[in-house]
Amino acid sequence: MNERTIHFSKTDGLVPCVIQDAKTLRVLMLGYMNEEAYTKTLAEKKVTFFSRSKQRLWTKGETSGNFLHLVEIAIDCDGDTLLIKANPQGPVCHTGADTCFNETNERWDLATLEAVIQDRKANPTAGSYTASLFDKGINKVAQKVGEEAVELVIEAKDNNTELFLGEASDLMFHYLVLLTAKGHSLNDVLDVLKKRHGK
């Protein structure tokens with residue numbers, strides 16, 4: 001959070017809060033906070049508003065379970081509006097939509113894929129290709145990474161975009177499986193790259 005002061009008194013004790021998905025940056029909803037809601041949000045790391053209709057504090061998800069897990073709060077230049085970045089736990093709107101603006105908030109990135117792979121390792125299911133790779137052991141997983149790397153190199157020499165991207169996807173997937181099998185994560189690799197970038 002930045003060092004600016006929030007001027008609750010400027011707007012009759014309530015400041016508008018724009019809620020944004022911390023990963024996709026999609027705007028999820030608009031709510032209002034008083035100082036008590038703001039303090040509770042910071043303490044519990046779950047976004048809490050002051051409900052103007054109920055005239056009380058309201059933690060998003062207290063009934064539905066669809067909490068907004070706080071990542072960070074930014075205060076605007078006038079100190080009377082908040083931008084809250086959060087990780088939503090389920091749909092945000094009471095209608096069941098991803099956002100209160102009826103927009104899709106698809107969270108599909110490498111972190112999402114990695115989480116799926118880690119879940120397959122921790123909770124293997126019958127018929128899961130990923131779980132079957134873990135069952136076959138580290139040698140098989142490493143072999144698959146090698147095979148996919150060779151196939152990507154072969155496709156790189158041609159001009160078939162679909163086949164090239166397909167092989168690139170296969171390599172990325174099996175690479176993440178290998179990292180998981182070795183007990184590491186993509187963040188571990190990013191940390192190494194970050195250190196190298198500083199040299």
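Refer to the preceding data block for the structure.
Definitions and cut-offs
Residues numbered from 1 in each chain as written. Predicted model: local features only at pLDDT ≥ 70, side-chain atom pairs only at ≥ 80, totals over all residues. Heavy atoms only, no water. Pairing = 2+ DSSP bridges. Helix = DSSP H or I, 4+ residues; strand = E, 2+ residues; numbered from the N terminus. Axes fitted to C-alpha atoms, helices over the stretch in contact; angles between N-to-C directions. Contact = heavy atoms within 4.5 Å. Parallel < 35°, antiparallel > 145°, perpendicular 65-115°, else oblique. Left-handed = near helix turned anticlockwise from the far one by under 90°. Nonpolar A, V, L, I, M, F, W, Y, C, P; charged D, E, K, R; others polar.

**Considering the sheet that holds strand 5 (residues 68-75)**
In space, the 4 strands of this open sheet follow the order 2-1-6-5, with mixed pairing throughout. At either end of the open sheet lies a strand with only one pairing partner, and these are strand 2 (27-33) and strand 5. With strand direction ignored, the average angle separating the axes of adjacent strands in the sheet is 30 degrees. By the bridge criterion, 7 bridges tie strand 5 to strand 6 (residues 82-88) in an arrangement that is antiparallel. The residue of strand 6 that forms the bridge with Leu68 is Pro88. Relative to the sheet, helix 1 (residues 35-44) contacts strand 2, strand 5 and strand 6, its axis offset from that of strand 5 by approximately 120 degrees.

**What to know about the packing of helix 2 (residues 110-122) against helix 5 (residues 161-181)**
Where helix 2 contacts helix 5, the axes come no closer than 10 Å and their chain directions differ by 50 degrees. The orientation of helix 2 with respect to helix 5, classified from their angle, is oblique. Between helix 2 and helix 5 lies a crossing whose hand is right-handed. Here Leu110, Leu113, Glu114, Ile117, Gln118 and Lys121 of helix 2 lie close against helix 5, whose contacting residues are Met172, Phe173, Leu176, Val177, Thr180 and Ala181. Among the residues forming the contact of helix 2 with helix 5, the class breakdown is 8 nonpolar, 2 polar and 2 charged.

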